[in-house]
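Take a look at the letters that make up each chain.
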Amino acid sequence: WTVVAGIAAVDAGGHVHVLAAASGCKCVGKLEKCDDVVRDGHAEVVARRAFRRALLDDADAYDIARSGECWLFATAPPCGDAAIYELDDSTIAFSGAKLGDWRREDTQVTGAVRLKPGRSDVPVDRRSGSLSCS
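Note that the structure is predicted; figures quoted are calculated from it, not measured. (Residues numbered from 1 in each chain as written. Predicted model: local features only at pLDDT ≥ 70, side-chain atom pairs only at ≥ 80, totals over all residues. Heavy atoms only, no water.)

S.K.: Explanation requested: the overall build of the protein chain in the structure shown.
M.R.: Summing up its helical and strand segments, the protein chain has two helices and seven strands in all. Reading the protein chain from its N terminus to its C terminus gives the helix and strand order β-β-α-α-β-β-β-β-β. Counting only residues that meet the buried cut, the protein chain has 31% of its 134 residues in that class. Sequence-distant contacts, at least 24 apart, represent 44% of the contacts inside the protein chain between residues at least 6 apart. Within the structure as shown, the protein chain displays about 9,000 Å² of accessible surface, and the carbon and sulfur contribution to it stands at 54%. (Helix = DSSP H or I, 4+ residues; strand = E, 2+ residues; numbered from the N terminus. Buried < 20%, exposed > 50% of the residue type's maximum accessible area, 1.4 Å probe, protein only. Contact = heavy atoms within 4.5 Å. Areas by Shrake-Rupley, 256 points an atom, 1.4 Å probe, with all protein chains shown as cover.)

S.K.: Where do I start with the nonpolar core in this structure?
M.R.: Soluble globular proteins tend to bury their nonpolar side chains together. Core analysis: the largest hydrophobic core is formed by eight residues, namely Ile7, Ala9, Leu19, Ala20, Phe51, Ala54, Ala61 and Ala65. In contact with Ala54, other than residues within four places in its own chain, are Leu19 and Ala61. Counting residues in each nonpolar core, the second largest holds six residues, with Val3, Ala22, Ala43 and Ala47 among its members. (Core = buried A, V, L, I, M, F, W, Y, C linked by side-chain atoms within 4.5 Å.)

S.K.: What is the right way to look at the sheet that holds strand β3 (residues 69-74) in this model?
M.R.: Strands in a sheet are paired, the pairing made by backbone hydrogen bonds, and the direction either parallel or antiparallel. Judged by pairing direction, the sheet is antiparallel, and its three strands sit side by side in the order β2-β1-β3 without closing on themselves. What marks the edges here is a single partner per strand, and that holds for β2 (16-24) and β3. Ignoring which end each strand starts from, the neighbouring axes of this sheet average 15° apart. As defined by bridge partners, strand β1 (residues 3-10) adjoins β2 across eight bridges and the pair is classed as antiparallel. (Pairing = 2+ DSSP bridges. Axes fitted to C-alpha atoms, helices over the stretch in contact; angles between N-to-C directions.)

S.K.: Got a minute to help me understand the pattern of salt bridges in this structure?
M.R.: Two side chains that carry opposite charge are able to pair once their charged atoms sit near each other. Following the criterion strictly, the structure yields one salt bridge and no others. The closest approach of N and O atoms between Asp57 and Arg53, which form a salt bridge, is 3.6 Å. Of this pair, Asp57 and Arg53 are both found in helix α1 (residues 43-57), four residues apart, which corresponds to roughly one turn of the helix. On the basis of relative accessible area, Asp57 is assigned to the exposed category, the value being 54%. (Salt bridge = Lys/Arg side-chain N within 4 Å of Asp/Glu carboxyl O.)

S.K.: Looking at this structure, how should I read α1?
M.R.: In an α-helix there are 3.6 residues to a turn, and that puts residues three or four apart on one side. With 15 residues, α1 should reach 21 Å at 1.5 Å per residue; the first-to-last C-alpha distance of 21 Å fits that figure. Buried residues of α1: Ala43, Glu44, Ala47, Phe51 and Ala54, and no others. Looking straight down α1, one finds its buried side chains confined to an arc of 90°; they lie on one side. Facing away from the buried side of α1 by over 90 degrees, the exposed positions are Arg53, Leu56 and Asp57. Of the surrounding elements, those touching the buried residues of α1 are β1, β2, α2 (59-67) and β3. (Expected span 1.5 Å × (residues − 1). Arc of directions from axis to C-beta.)

Here it is in structure tokens:
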């Protein structure tokens, strides 16, 4: 499925201003150095990039963001620690993100550095080196 994410600011009057929105679903594996390729297409990462661009390009967006509270919305938990949580039946939901050395975890704990989720059967030289979103 496709994930949608956005960043909004709530001003002092309680009005919500959407400052960035994006959809996405993939992270590109290792590629030759190429500056014009977005390697991480996860929605929350693309929304963050759009938010940063809005702050740089639009003085009104910058003022709204500085004077209010900013919130991230995503239709699915970001990969990494945010995807490790207790389900209704008391089991733990596993993150798809991999530990830095790509070893399998039988139990997951928060706070570990993780790489983007991906297929474990991808050759080592083609695996993503991007850090997980949370």
